[in-house]
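Tertiary structure, described
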Amino acid sequence: MNRSPMSIRVPIVVPALLLAACAGNDRVAPAAPVPPAAPLAEAHLVADGPPAVAGPVVPEVPSAPPPLASEVQALPAAPTARPAGPPLSRIAAANREAVREPSREAWQGAVQVYDWAEGALYRLYTAPERVSEIALEPGEALVSVAAGDTVRWVIGDTVSGAGAARRTHVLVKPTMAGLSTNLVIATDRRVYHVMLESTAGAAMASMSWSYPHDALKVLDRLAETAPQPEHVAGVSVDSLEFGYAIAGDDPPWRPLRAFDDGVQVFIEFPADLARGEAPPLFVSGEGGMGELVNYRQRGRYYVVDRLFAMAELRLGERRQQVVRIVRSDTRSHVERQRRGRR
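Residues numbered from 1 in each chain as written. Predicted model: local features only at pLDDT ≥ 70, side-chain atom pairs only at ≥ 80, totals over all residues. Heavy atoms only, no water.

Section: the overall build of the chain
Note the threshold: Numbering goes from the N terminus for both helices and strands, where a helix is a DSSP run of H or I of at least four residues and a strand is a run of E of at least two. Here, residues are in contact when the closest pair of their heavy atoms is within 4.5 Å. All accessible-area figures derive from a Shrake-Rupley calculation using a 1.4 Å probe, and residue coverage is judged against the displayed protein chains alone.
Regarding its fold elements, the chain presents 4 helices and 20 strands. Contacts in the chain between residues far apart in sequence, at least 24 positions, make up 60% of those at least 6 positions apart. Looking at the chain as shown, the accessible area adds up to about 23,400 Å², and 56% of this sits on carbon and sulfur atoms.

Okay, structure coming up:
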């Protein structure tokens, strides 16, 4: 059987080609795929040695140039934490908490009496063809009045009384129902914030305020300015009782206060008492009958030598000015009077 040399060398050359390819490529890129083997018919065989097999061509990827300094942008700063809730909702919530509505317990006749508090909003309900009044504290002077809507609301003011009893009244009237606005009243003592509402129903005739904080300040001031022993005939301050009320007319000599030490009653007048005529003192006994009582003037004080439940100071002939001094705690007065007689 005649065999050509070519047919004998083919089975031996193929394994040799594979070994030569592995030995000639010590470093092979791990990511490069291995190309499929070429068909035997297309292989170029060389009698003296194995044919050269071309390895896979790996394309070079050009590296990107470094960015210029002008092209480098700073990273955006981390956003700051925002407060919870939008501002308008917080404003609305604060206003709702500050509003004071009319209450059943605060009516005095047709007048709604609010307790004054700094920063509060006071509601006033009005109606067309009705005038609602805002009464300020006696002696309080009006500085300015400002309304949010001055076209559909009629705002005015007036005064009543004279002297220490002079009182300012702010008058409010809407032109139609379904309106709402605010009113800012500035005085020489404080600022009032009023919320105005107009309805087709009932309207508030009047509103005013009580001032509990001011009353506490007055009590503190009285305690600080209590008469010292050397001012009132050597009386001890610790034994003084201030349970007396001053009522009646308001003449220049109206007493500032009255107090006792369990034995005597002391009536304090303004400092200029000695410049004018001093009013005589009349003490009311049982059944309202007048009783004689010994008293004397020491500086701006009347010193009465006994305790009493009620007394009057009268001055004038045709039209007398009368000021009453009334003991506020009758039971305590009786007990103290008994101790004084002992």
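Things to note about unusual backbone geometry
With a phi close to 65°, Glu129 is a non-glycine residue in the positive phi region. With respect to the element layout, Glu129 can be found in the loop between β4 (121-126) and β5 (132-135).

Describing the sheet that holds strand β8 (residues 167-174)
Heads up, the rule is: Whether two strands pair depends on DSSP finding at least two bridges between them.
Reading across the sheet, the 6 strands line up as β2-β3-β11-β5-β8-β7 and stay open at both edges, with mixed pairing between neighbours. The open sheet has two free edges, formed respectively by β2 (107-108) and β7 (153-160), since each of these has just one partner strand. Alignment of β5 against β8, held across 4 bridges, turns out to be antiparallel. Across the sheet, the residue bridging to Glu133 is Leu171, located in β8.

Comments concerning the packing of aromatic side chains
Condition: Working definition: rings of Phe, Tyr and Trp (its six-membered ring) pair if their centres are within 6.5 Å, and the pair is stacked with planes under 30 degrees apart, edge-to-face with planes over 60 apart, and tilted otherwise. Exposed residues in this analysis have more than 50% of their type's maximum accessible area, buried residues have under 20%, and partly exposed residues fall in between, with area computed by a 1.4 Å probe over protein chains only.
This structure, assessed with the given rule, holds 11 aromatic pairs. With a centroid separation of 6.4 Å and an interplanar angle of 75°, the aromatic rings of Phe259 and Tyr301 are classed as edge-to-face. Of this pair, Phe259 sits in strand β13 (residues 257-260) while Tyr301 sits in strand β18 (residues 301-304); the two residues are 42 residues apart in sequence, bridging distant segments of the chain. You'll find Phe259 and Tyr301 in the same group, each marked buried.

Here's the deal with the pairing of strand β17 (residues 295-298)
Of the pairings in the sheet, the one linking β17 to β18 comprises 4 bridges and is antiparallel in character. By the bridge assignment, Arg296 is partnered in β18 with Val303. The turn linking β17 back onto β18 is made up of 2 residues, and Gly299 within it adopts a positive phi angle of 65°.

What to know about the pairing of β7
In this structure, β7 lies alongside β8, joined through 8 bridges in antiparallel fashion. Each residue of the ladder has a partner; that of Val154, found in β8, is Lys173. With antiparallel pairing between neighbouring strands as the criterion, β7 and β8 make up a hairpin whose turn holds 6 residues, including Gly161 at a positive phi of roughly 75°.

Describing the sheet that holds strand β14 (residues 265-268)
To keep it simple, the criterion reads: Helix axes are fitted to C-alpha atoms over the stretch in contact, other axes to C-alpha atoms as well, and angles between N-to-C directions run from 0 to 180 degrees.
If you trace the 4 strands from one edge of the open sheet to the other, you get β13-β14-β18-β17, paired in antiparallel fashion. Two strands close off the open sheet at either side, each with one partner strand: β13 and β17. Each strand axis lies, on average, 20° off the axis of its neighbour in the sheet, ignoring direction.

So, the side chain of Ser132
On the secondary structure map, Ser132 appears in strand β5. Classification of Ser132 by relative accessible area gives buried; the value is 0%. Among residues more than four places away in sequence, those in contact with Ser132 are Leu124, Tyr125, Thr126, Val170, Leu171, Val172, Ala203, Met204 and Ala205.

Quick word on the nonpolar core
What counts is decided by this rule: Buried residues of nine kinds, namely Ala, Val, Leu, Ile, Met, Phe, Trp, Tyr and Cys, make up a nonpolar core once their side-chain atoms join them within 4.5 Å.
In this structure, Ile134, Val194, Met207 and Trp209 are the most contacted members of the largest nonpolar core, which totals 20 residues. Elements that contribute at least two residues to this core include exactly β4, β8, β9 (180-187), β10 (191-198) and β11 (206-210). Top contributing element to this core by residue count: β10, with 3 residues. If we skip the residues at most four places from it in the chain, Ile134 touches Leu124, Thr168, His169, Val170, Val172, Leu183, Ile185, Val194, Met207 and Trp209. Formed by 19 residues, the second largest nonpolar core is a distinct cluster that contains Ala258, Leu273, Tyr302 and Ala311.

Overview of the pattern of salt bridges
Pairing is possible between side chains of opposite charge, provided their charged atoms come close. The test is simple: For salt bridges, the criterion is a side-chain nitrogen of Lys or Arg within 4 Å of an Asp or Glu carboxyl oxygen.
All told, the structure shown has 12 salt bridges when counted by the stated rule. With a closest N to O distance of 3.1 Å, Glu101 and Arg123 form a salt bridge. With Glu101 in the loop between β1 (99-100) and β2 and Arg123 in strand β4, this residue pair connects regions lying 22 residues apart in the sequence. Given the relative accessible area of 35%, Glu101 is considered partly exposed. Ionic pairing is found between Arg190 and Glu137, a salt bridge with its closest N-O pair at 3.1 Å. With a gap of 53 residues between them, Arg190 in the loop between β9 and β10 and Glu137 in the loop between β5 and β6 (142-147) connect regions that are remote in the sequence. The exposure class assigned to Arg190 is buried, which follows from its relative accessible area of 9%.

Some thoughts on the side chain of Glu312
Cut-off, in case you're wondering: Under the rule applied, a polar contact is a pair of N or O atoms within 3.5 Å (in protein, one hydrogen donor and one hydrogen acceptor; residues adjacent in sequence only if both atoms are side-chain atoms).
Turning to its location among the elements, Glu312 is positioned in strand β19 (residues 310-315). Polar contacts involving the side chain of Glu312 include one to the side chain of Arg314, which spans 2.5 Å. Setting aside chain neighbours within four positions, we find Glu312 in contact with Pro280, Leu281, Phe282, Val322, Val323 and Arg324.

So, the confidence of the model for the chain
Defined as follows: pLDDT gives the predictor's per-residue confidence on a scale running from 0 to 100.
In the predicted model, the chain carries a mean pLDDT of 76, and 62% of its residues have values of at least 70. Predicted confidence for residues 10-26 stays below pLDDT 50, and this span has 7 contacts to residues more than four positions away or in other chains. Here residues 228-233 is a poorly scored stretch, pLDDT under 50, and it has 12 contacts once near neighbours within four places are set aside; other chains count.

Here we look at the environment of Gln108
Following the sequence through the fold, Gln108 ends up in strand β2. For the pair formed by Gln108 and Met207, sequence separation is 99 residues and the distance between their alpha carbons is 9.6 Å.

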